[in-house]
Amino acid sequence: MAYFEIEGLSKSFGRSAVIESLSLSAAQGETVVVFGPSGCGKTVLLRLIAGVLRADSGDIRIGGESIAHLGPEHRNVGMAFQNFALYPHMTAFENIASPLRARRTDEAEVRRRVHEVAALLRIEHVLGHMPRELSNGQKQRTSLARSLARRPAVLLLDDPLRNVDAKIRYEMRLELPRVLREYRSTVFYVTQDYKEAMALGNRVGVLYDGTFRQVDTPAGIYGRPESIRIARLFGDPPINLFPVRPERNGDGRAAVRIGDSDLSGPPSLDGLVGRDLLLGVRPEDVEVLTEPADGAIPVELDALTPLNVRSVMLLKAGNATEILASCPEDKRPALGRGRRQVWARLDLGRALFFDRATETLVH
Amino acid sequence: MASLTLDNVSKIYRPRRRAEVLAVRDLTMHIGDGEIVGLLGSSGCGKTSTLRMIAGFESVTKGEIRIGDKRINDLPPARRGVAMAFEGYALYPPLRISDNIAFGLLRDRRPKAEVARKVAGIAKLLEIDAILDHYPSTLSGGQQQRVSLARALVRDADVHLLDEPMSQLEPQLRAVLRARIKDYLIEHRMTTVFVTHDQTEAIALADRIAVMEGGELQQFASPEDLKERPANLFVASFIGEPPMNLFPAEVGPDHRIHVINDANEAAFSIDLAGAGDAVTQVLHPGRKVHIGIRPHRIRVGPAGANDVAVGNGVDAVVRGTLLSNQWLGDQSHLGIEVGGCFMIAVSDRGVALGTDEPVDVGLPFGALHVFDRDSERALLHGMRPAEA
């Protein structure tokens, strides 16, 4: 039995079903990221867990006991928000202590817990400050400390890094997992940013059309997305998708045509001969070369757009087939400003094959 | 197609009964024929006022704007030879998408066949060819923005002005459309100035970027120079994602840089012994500075395993604790605590290191940036004087 379980949860508003027979189990201390497009029901799901909204049907259990009939104040569920929501007239210390005081925790224990969480979040030196004296990053940390201090069984974080600047966002993204490890709460973390989802989730649940369409580790979802839609949600630049129908070439191996070049596939392609597929190749699995080479197809480089860590290249193969390639900024070949001839090697060993009709992963 | 010059341009707004606002101060830029330039900054930095002065929607308080050799300060917008894509799209509601895109061309009295050909071409490029018969009110924000872009890009003009051209684009289309637009601008040698608050967009598209803050030009340089040679602390912290690691520090009498953490305690120090005389002259004892290093230039390895050691591209090694190790599909982000300082490192591959374990952090001198703490000007890039 899992520590936290949702079973067959449904919620409609009028005639529109927002959550439909959604089920999920999570371990104690696990962080599950709820990821999906806006309007997919992420926030509604959090509110159902918190008890602010009541489900139409289904059950939620912590440690085997149903909490579905309990009011929000009795669920042992904590929540932190995008907009900090600190009390302006209280010091950072008092803000963090406030949920403990509301539960009449004794003073020594309050001090111990506030200092413990403040040390972990590196805000001990500002505990005496008022919110107006805190930087945005410190406010964010104080708000998070407040939600952690009472050690809730389940912690709900609704896109907490959405409104902070890049520096704070990256610091929190990288520091949060250690803090959450210490607290052992089961965490549901909502975000629309796939990188944040991959960075923070022990598992990521991809939510759309009312339920989780895939729940897996970040590497599992990125490496083996179950549908084209999920494949395109993870990755920037997004995965290349080429319509192909594998055929046997002269030596009996299955090959696919990309642009006007035939490429031998991996052995696993042999079973897919004759099927209408979409071949997915991630931009980082396309190598760009300035000289012809074995297995590399001639392409025109149309544009080079540097990003921060990686550069993105737009390549054009025969039949107006566009290919996006990306490589680390410091390892890309020296290429000029305008169009030029280059060669591209697609790593088909890492490619994904989707059925063109059902748009689901076949290999 | 032409060059564009801003010569000591200032913009002062003088609202009635309120204090005047200096929106742009003494801005001087020369933009070459066919060059793509991004005006980058956060809201209120002066970038939009600058674009609107070039377009002719705002008067120039002081200074001169020229296209080629021609002063355009006093010309009405329609006679300046500029084409603009507006942030609010400004599409004509009663016209179909195809007529919206063709509008400027028809007004310029271009032959019908040419108009049809150009509209079809730009519509395909921006993936709006399937909605040419629709009306603006039926489109999503992202589609409306692409129509607005198409209408500006399809026109012949001396200078093209784009206001936040890609802010609403659908995430899955962004990478490919950025690249196609860049290719189109270069292919047609279009002199282009665009405004954006998104550094990723600026870096992807621009030949040179003008970073603005508080109405003043902070630096006007290529994306590479902004990353490798930021002129001041603002540019260093603003450009780059994940952002540059920056820490306050002080040079000790022992010629070491002592880095200070959030709680104002000594965090770690870097020995400058191998850095050369030029460096020790600039970094004299007692000098207060900020030091910076970009996340992808930091080397990280298991503590004491000699994977990261002085020599072999590393000039200083400090001991830290790995807080997190996050694989994002095409890169790893590492969070490291060193003496109460928090550092971000990026690797383009997976890193086999466990969290909560001690790690050695290697800092190449060639990747260190040093800024003066008072003036916030760059002193050294890669241990070479910033002015050189």
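Because the structure is predicted, anything quoted here is derived from the model rather than measured.

(A) Structural view of the overall build of chain A. Across its full length, chain A carries eight helices and 21 strands. If you line up chain A on its principal axes, its C-alpha atoms span 80 × 45 × 35 Å. Out of the 363 residues in chain A, the part that is buried amounts to 44%. Sequence-distant contacts in chain A: of pairs separated by 6 or more residues, those separated by 24 or more amount to 65%.

(B) Geometry of the sheet that holds strand S13 (residues 254-258) of chain A. All names here are of chain A. Pairing within the open sheet is antiparallel, and its three strands lie in the order S12-S13-S14. Every interior strand has two partners, whereas the edge strands, strand S12 (247-248) and strand S14 (261-264), have only one. With two bridges joining them, S12 and S13 adopt antiparallel strand pairing. Considered in S13, the bridge of Arg-248 is made with Ala-254.

(C) How the structure looks around the interface of chain A and chain B. Each partner contributes to the interface: chain A provides 40 residues, whereas chain B provides 37 residues. Looking at the side of chain A that touches chain B, the elements that each hand over two or more residues are helix H5 (166-183), helix H6 (194-200), helix H7 (218-223), strand S17 (297-306), strand S18 (310-317) and strand S19 (321-328) of chain A. For the side of chain A that touches chain B, the leading source of residues is H5 of chain A, giving eight residues. Split by residue class, the side of chain A that touches chain B holds 20 nonpolar, six polar and 14 charged.

(D) Structural context of the nonpolar core. Ranked by internal contacts, the top residues of the largest apolar core, which has 221 residues, are Ala-344 of chain A together with Ala-150 and Val-193 of chain B. Setting aside anything within four residues of it in sequence, one finds Ala-150 of chain B in contact with Ile-101, Ile-122, Ala-123, Leu-126 and Ile-128 of chain B.

(E) Spotlight on the pairing of strand S7 (residues 154-158) of chain A. All names here are of chain A. In terms of burial, S7 is a largely internal element, four of the five residues being buried. Judged from the four bridges that link them, strand S6 (residues 77-80) and S7 form a sheet pairing that is parallel. Across the sheet, the residue bridging to Ala-80 is Leu-157, located in S7. Relative to strand S8 (residues 186-191), S7 is paired through five bridges, and the arrangement is parallel. In the strand pairing of S8, Asp-158 is matched with Val-190. Traced from S7 through H5 to S8, the parallel crossover comes out right-handed.

(F) Local environment of the environment of Phe-103 of chain B. Residues and elements named next belong to chain B. Tracing the backbone through its elements, the reader meets Phe-103 in helix H2 (residues 97-107). By the C-beta count within 10 Å, which is 17 here, Phe-103 ends up partly exposed. The contacts of Phe-103, once residues within four sequence positions are left out, are Tyr-92 and Arg-151.

(G) Examining the domain arrangement of chain B more closely. Structurally, chain B comprises domain 1 (4-231) and domain 2 (245-385). Placing a centre on the C-alpha atoms of domain 1 of chain B and another on those of domain 2 of chain B gives a separation of 39 Å.

(H) Fine view of helix H5 (residues 171-187) of chain B. Residues and elements named next belong to chain B. For H5, which comprises 17 residues, the first-to-last C-alpha distance of 25 Å matches the rise-based estimate of 24 Å (1.5 Å per residue) to within 8%. Of all the bends in H5, the greatest measures close to 25° and is centred on Leu-177. Looking only at H5, the buried set comprises Arg-174, Ala-175, Val-176, Leu-177, Arg-178, Ala-179, Arg-180, Ile-181, Lys-182, Asp-183 and Leu-185. Taken from the residues just after H5, Arg-189 is the one with a positive phi, measuring 50°.

(I) Inspection of the domain arrangement of chain A at higher detail. Domains assigned within chain A are domain 1 (4-233) and domain 2 (240-355). Computed over C-alpha atoms, the centres of domain 1 of chain A and domain 2 of chain A are 40 Å apart.

(J) Structural view of the sheet that holds strand S5 (residues 65-66) of chain A. Residues and elements named next belong to chain A. The strand order across the open sheet built from four strands is S2-S1-S4-S5, with neighbouring strands paired in antiparallel fashion. If you trace the sheet from one side to the other, it starts and ends with strand S2 (16-26) and S5, each paired once. As paired elements, strand S4 (residues 57-62) and S5 share two bridges and run antiparallel to each other. Among the inter-strand pairings, Ile-62 is bridged to a residue of S5, identified as Glu-65. Helix H1 (residues 42-50) rests against strand S1 (4-13), S2 and S4 of the sheet, and its axis sits at about 60° to S2.

(K) Focus on the environment of Val-256 of chain A. All names here are of chain A. Mapped onto the elements, Val-256 comes out in strand S13. For Val-256, a count of 24 C-beta atoms within 10 Å gives the class buried. Along the chain, Val-256 and Phe-242 lie 14 residues apart, while their C-alpha atoms are 9.7 Å from each other.

(L) The arrangement of the pairing of S18 of chain A in detail. All names here are of chain A. Across the eight residues that make up S18, a large majority, six, are buried. Bridging between S17 and S18 involves six bridges; their strand directions are antiparallel. Bridge pairing links Leu-301 to Leu-315 in S18. Taking the residues that link successive antiparallel strands as the turn, the S17-S18 hairpin has three residues. Direction of pairing for S18 relative to S19: antiparallel, over a ladder of eight bridges. Note that in S19 the partner of Ser-311 across the bridge is Cys-327. The antiparallel pairing of S18 with S19 creates a hairpin that spans three residues between the two strands, and Asn-319 there sits at a positive phi of about 55°.

What counts and how
- Residues numbered from 1 in each chain as written.
- Chains lettered and ligands numbered in written order.
- Predicted model: local features only at pLDDT ≥ 70, side-chain atom pairs only at ≥ 80, totals over all residues.
- Helix = DSSP H or I, 4+ residues; strand = E, 2+ residues; numbered from the N terminus.
- Buried ≥ 20, exposed ≤ 12 C-beta atoms within 10 Å, placed from the backbone.
- Contact = placed C-beta atoms within 7 Å.
- Pairing = 2+ DSSP bridges.
- Nonpolar A, V, L, I, M, F, W, Y, C, P; charged D, E, K, R; others polar.
- Core = buried A, V, L, I, M, F, W, Y, C linked by C-beta atoms within 7 Å.
- Right-handed = clockwise from strand over helix to strand, strands pointing away.
- Domains from an automatic or database assignment.
- Expected span 1.5 Å × (residues − 1).
- Bend = angle between axes of the 7 residues up to and from the residue.
- Axes fitted to C-alpha atoms, helices over the stretch in contact; angles between N-to-C directions.

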